[in-house]
Amino acid sequence: MNIALSDYLLVSAALFAIGLAGVVMRRNTLVIYMSLEMMLNASNLALAAFSKFNAALNGQILVFFIITVAAAEVAVGLAIIVALFRVRQTVSADEINLMKY
Amino acid sequence: MNYTSLFGYLLGEVVLTAAAFVILIADVMCHRKDDVGARNQRMAWWTLTGLFLAAVVYAIQFAQGNANFADGTLVINPLNLFFKEVILVITAITVFFSMEEPVSKHVGEYYAMILFAAIGMAFLVTSENLLMIFVSIELLSLSLYALVGFQKQILRSAEGAMKYFAFGAVSAAFLLFGLSYIYGATNSLSLPAIAETFKGDPLMARSPVLLIGILFTLVGFGFKIAVVPFHLWAPDAYEGAAAPVAGFVASGSKVASFVALTKFLLLGVAPAAGAATISFPFTPHFTPGWAPVIALMAFISMVWGNLAAITQTNLKRLLAYSSVAHAGYILVALFGAKAWGQTAIYFYIIVYALTNLGAFGVVTALANKVGGDDIRCFAGVWRRAPGLTVLMMIFMLSLAGIPPLAGFFGKFYLFAAGLAADQMQLGYLWLVITAILMSAVSFYYYLQVLRVFYVNPASRGGPISICPCQRWPMTVIALIIFLIGWYPTALLDWIQGFLQRV
C-alpha cells in the first residue's frame, strides 16, 4: 500500500480542525487543554510527513522540540488552572467572566 | 561549527540564564527568613547585575564581526545586538519599577521569570530560523503567562493569565501549523534559504501550501503583537497583571515580536507578498499573499483599537487598546520599500515601547496610592504628584504623536514608508489615510486621560512620595523621548547603519 503526502496532510488537517473545534466549543478548561495538545500534534504529523517526503531530517528534529515545548506549555497551563480554581472554585470557561470588553 | 566560539556568541544569554538560577537559589538558600520587601530589593539588584553583565557582553560583541550559526539559528550582527540591548534596557526598567513593592511573596521566582522572558526575547530578535523563532516565542510566552498570573490569590490576575494562556496556546498551534506548511513548501527552515527558493521557482509565490502556511503563521504573530481580531487577550491580561508586568508585556514582548515578524515577512517570504492596493479613483487590486491579510489586520486594528479605547474606564485597558491601534500603524510600514519600511518599523517600535513602558510606570507608581487603576481614581492627581504628572503628559502626547516628541517622528516615518509603497503608485494610500484619521481620533482619549490628571477636582490626600527607583527610570525615558524628538535622525542613522552592516 502506498500512502501519499496528501493523505498525511489530510489526517493532520482533520486533527487540527477537531482540536480547534474542541477549543471553541468545549466549556471545561481541562478539555480545552486536551484539544490544544491535539492541535500541536497535528503540526507534528505534518512536519514528520513533510520531512519524510522532502528527504530532509530537520523537520523531524523540530518535532522533538515541539514535544518538549508542549509538555512545558501544559505544565504552565495546569498551574494557571489550579491557581484559578483556588480563587474561583470552578474550571468552567463560562464562569471566567470578571473582565469584559 | 565550533562549540567554543558558539559559546562565546551565546555568552550574553548564558549570563542571563546563570543570573536567573543564582536568583532562584539565593532566594531559597540565603534570604528565606528575611522580610519580603528587603528580599525583593536584594533580588532586584541581583537581576540588574545580571542584565548589566549581559549588556557588557553584547557591547563587546559589537566590535566582533558578524556570525551565523546552524542555518540561521543564531545570527550575530549589529542590528540584532542593538535590539538585544534595547530588550535589556526595557527589562532593567521593569525591574526598577518592581523594586518598591514586591508583586508577590515569591520574589526569587518573579525575577527569574522576568529573566527567562528576557532570554526568550533576546533569542527571538537574534534568530532567522523557523525552529528557533518558534521555541523562543514559546519561552517568552510561557514566562509571560506565569508573570501575568503571579498574584495568584487575586481573581483578576488568575483570570487574565487564563485568558492570555488560552489565546496564546491556540495561536502557538496556528503558528506551528503554518511553519510546518512553509517548511513543507520550501524544504528549509532558515529565512534566507526560504527566500532563495523563490528565485529558482517562479510558481513558488503562488503555491497554495506556502500561502496556507503564511496565513496560519500570521495568525500566530497577530496574537503576539495583539492586532484585531487576535487582540482579545490584551485588555484582560493587562488589567489582571501587576502594572510592571503589564508594561513588560506591552513593550518588551512587542519589540521582540515585531522584529521577528518583520524579518519573517521581509527577509523570508517577501516575494509572496501579493497586493492589496486601491488606486485612484476606486480600483481595488487584490492578489493572494500576505499583503491583503496584513492590510486587513492593520485597517481593523487602527479603527477598532482607537474606537474601543474611547469607551474604556480603566487606564490599563485604555493602554491595551491604544497598543492594538499602534500595532495597526506599524503594520502599514511593512508595505514600504524593504530598507525604508524596516527602518521606520524599527524606529517606531523602540520609541513606542519606551513610551508605553513609561506610561505603565506612572500607573505602577500611582495606582496603589490613589486607590486603583480606574481612570477616575487619578482625578486631580497633579496636585499630589506634579512631577509624575508632567512625565505622564510627555508619554501621552508622544503616544498621540504631537511634535516635537519622538512619537510624532515615529508615525511620520511609518506613514511615509506606507506612502512610498507600491512603487510610488500610492496604492496603499487608503491605509495611510485611515492611519492619519485614526491618530486624530486617538487624541481624544489621550487628552481625556490628561484632563482627568490635571483638570478634574482633586482627590483628597497629601503629596504622594515616589520611590527614586521609579522616578529616575521614568525621567530617563522622558528625556530619551525628548531627545529623539529633537534629533530623530540620530536614531534613524544608527538603525540605517546597522541595517547596512547586516
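Criteria and cut-off values
- Along every chain, residues carry numbers that run from 1 in the direction the sequence is written.
- In the order they appear in the text, chains get letters beginning with A and ligands get numbers beginning with 1.
- Thresholds applied to this predicted model are a pLDDT of at least 70 for local features of residues and 80 or more for the giving and counting of side-chain atom pairs; totals over whole chains, interfaces and linings are not thresholded and use all residues.
- Water and hydrogen atoms were dropped before computing side-chain values, which therefore reflect all heavy atoms in the structure.
- Helix and strand definitions here come from DSSP, where helices need a minimum of 4 consecutive H or I residues and strands a minimum of 2 consecutive E residues; each element is numbered from the N-terminal end.
- Here the radius of gyration uses the C-alpha set of atoms, whereas the globule reference equals 2.2 Å times the residue count to the power 0.38.
- Between buried and exposed lies partly exposed: a residue is buried under 20% and exposed over 50% of the maximum accessible area for its type, with that area taken using a 1.4 Å probe on protein chains only.
- Areas reported as accessible are Shrake-Rupley estimates using a 1.4 Å probe. Residue values count occlusion only from the protein chains shown.
- Charge convention: Lys and Arg are scored as positive, Asp and Glu as negative, and His as well as the terminal groups of each chain are ignored.
- Positions of charges follow a simple convention, taking NZ of Lys, CZ of Arg, CG of Asp or CD of Glu.
- For helices, the fitted line uses only the C-alpha atoms of the stretch in contact; every axis is such a line through C-alpha atoms, and the angle between N-to-C directions lies from 0 to 180 degrees.
- Oblique is the label for every angle not falling under 35 degrees (roughly parallel), over 145 degrees (roughly antiparallel), or within 65 to 115 degrees (roughly perpendicular).
- Crossings are sorted by hand: turned counterclockwise from the far helix by less than a right angle, the near helix makes the crossing left-handed, and turned clockwise it makes it right-handed.
- Working rule for contacts: check all heavy atoms of both residues, and any pair within 4.5 Å makes them a contact.
- Put simply, Ala, Val, Leu, Ile, Met, Phe, Trp, Tyr, Cys and Pro go in the nonpolar bin, Asp, Glu, Lys and Arg in the charged bin, and everything else, Gly too, in the polar bin.
- Known as pLDDT, the predictor's confidence for each residue is given on a scale from 0 to 100.
- Ring pairs shown here join Phe, Tyr and Trp side chains whose ring centres sit within 6.5 Å, with only the six-membered ring taken for Trp; geometry is labelled stacked below 30 degrees between planes, edge-to-face above 60, and tilted in between.
- The rule for a charge over a ring is simple: NZ of Lys or CZ of Arg within 6 Å of the ring centre, and within 35 degrees of the ring normal.

Before going further, it helps to examine the overall build of chain A. The helix and strand inventory of chain A stands at three helices and zero strands. For chain A, the N- to C-terminal ordering of α and β elements is α-α-α. Over its C-alpha atoms chain A spans a radius of gyration of 17 Å, topping by over 25% the 13 Å that the globule rule assigns to 101 residues. In terms of overall dimensions, chain A has C-alpha extents of about 50 × 25 × 25 Å along its principal axes. Put simply, chain A has 101 residues, and 38% of those count as buried. Accessible surface, chain A as shown: approximately 5,500 Å² in total, 69% of it carbon and sulfur. Put simply, chain A has 6 plus and 5 minus side-chain charges, and the middle of one group is 6 Å from the middle of the other.

Time to look at the packing of helix α15 (residues 386-400) of chain B against helix α18 (residues 468-486) of chain B. Residue and element names in this part refer to chain B. Running from N to C, α15 and α18 point in directions that differ by 40°, and their axes come no closer than 10 Å. Comparing their axes, α18 and α15 come out oblique. The handedness of the crossing between α15 and α18 is left-handed. Judged by residue contacts, Leu388, Leu391, Ile394, Phe395 and Ser398 of α15 engage Met474, Thr475, Ile477, Ala478, Ile481 and Phe482 from α18. Among the residues making up the contact of α15 with α18, the classes are represented as nine nonpolar, two polar and no charged.

In regions of low pLDDT, the predicted coordinates are not meant to be interpreted in detail. Per-residue confidence for chain A gives a mean pLDDT of 89; residues scoring 70 or more make up 98%. No element of chain A has a lower mean pLDDT than helix α3 (residues 58-88) of chain A, at 91, and none a higher one than helix α1 (residues 5-25) of chain A, at 93.

Right, let's get into the packing of aromatic side chains. A complete count under the given rule lists 41 aromatic pairs over all chains for this structure. Judged by centre distance (4.7 Å) and plane angle (50°), the rings of B:Tyr445 and B:Tyr446 are tilted. Among the residues examined, B:Tyr446 registers a relative accessible area of 1% and is labelled buried. Ring pairing ties together the aromatic residues A:Tyr33, B:Tyr145, B:Tyr164, B:Phe165, B:Phe223, B:Trp233, B:Tyr238 and B:Phe360, which thus form one cluster. Geometry around A:Phe53 places A:Lys52 over its ring, the cationic atom sitting 4.7 Å from the centre.

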